[in-house]
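Examination of the molecular architecture
Each chain, written out:
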Amino acid sequence: QVQLVESGGGLVQAGGSLRLSCAASGSIFSLNIMGWYRQAPGKQRELVAVVTDGGDTTFADAAKGRFTISRDNAQNTMYLQMNSLKPEDTDVYYCSALVKVSRWSPVSEYWGQGNQDTVST
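Residues numbered from 1 in each chain as written. Predicted model: local features only at pLDDT ≥ 70, side-chain atom pairs only at ≥ 80, totals over all residues. Heavy atoms only, no water.

Description of the nonpolar core
- Formed by 26 residues in total, the largest nonpolar core has its most connected members in Leu 4, Trp 36, Val 48, Met 78, Leu 80 and Met 82.
- Counting only elements with at least two residues in this core, the list comes to β1 (2–8), β3 (18–26), β4 (30–39), β5 (46–51), β7 (67–72), β8 (77–82) and β9 (91–100).
- Those residues in contact with Met 78 that lie beyond four places of it in its chain are Leu 20, Ser 21, Cys 22, Met 34, Gly 35, Trp 36, Val 51, Ile 69, Ser 70, Arg 71, Cys 95 and Ser 96. (Core = buried A, V, L, I, M, F, W, Y, C linked by side-chain atoms within 4.5 Å. Buried < 20%, exposed > 50% of the residue type's maximum accessible area, 1.4 Å probe, protein only. Helix = DSSP H or I, 4+ residues; strand = E, 2+ residues; numbered from the N terminus. Contact = heavy atoms within 4.5 Å.)

Re the packing of aromatic side chains
- Under the defined criterion, the tally for this structure stands at 1 aromatic pair.
- Taking the centre distance of 5.1 Å and the plane angle of 65° together, the rings of Tyr 37 and Trp 111 count as edge-to-face. A residue pair is termed long-range when its members are at least 10 positions apart, and Tyr 37 in strand β4 and Trp 111 in strand β10 (residues 108–111) qualify at 74 residues.
- Exposure remark for Trp 111: the relative accessible area of 34% places this residue in the partly exposed category.
- Between the NZ or CZ atom of Arg 45 and the centre of the ring of Trp 111, over which it lies, the distance is 4.6 Å. (Phe/Tyr/Trp six-rings, centres within 6.5 Å; stacked < 30°, edge-to-face > 60°. Lys NZ or Arg CZ within 6 Å of the ring centre and 35° of its normal.)

Things to note about the pattern of salt bridges
- Evaluated as defined, the whole model comprises 5 salt bridges.
- Across the pair Arg 38 and Glu 46 runs a salt bridge, and its minimum N-O distance is 3.1 Å.
- Overall, Arg 38 belongs to the buried group, its relative accessible area being 8%.
- Classification of Glu 46 as partly exposed rests on a relative accessible area of 38%. (Salt bridge = Lys/Arg side-chain N within 4 Å of Asp/Glu carboxyl O.)

Set out below in structure tokens:
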């Protein structure tokens with residue numbers, strides 16, 4: 001199976017920065033799109049940013065200009081650098097990856113465990 005393990009993040013003051021990492025491991029033939037999502041209590045999970053295996057990126061409007069997404073394909077790891085953080089960025093952040101476990105398998109989506117990131121005023 002495939003595991004996504006998140007690290008980084010935590011508590012930071014408004015205006016500060018956090019860097020999240022997501023390492024994929026297990027039976028991986030190919031990692032396609034990887035992304036970061038966030039979810040507040042009682043709300044739907046929403047996109048923060050995604051990155052393709054070719055390095056193309058897409059950002060939610062709230063993340064544009066402040067967040068950077070990147071990945072290291074050799075290490076199966078993705079990163080989210082979050083700068084100029086605001087209290088409204090406080091959420092549980094999840095990483096996601098579209099994975100093929102073999103040449104013949106369909107693409108399946110996997111999720112990390114989620115980490116709480118809090119931006120204080």
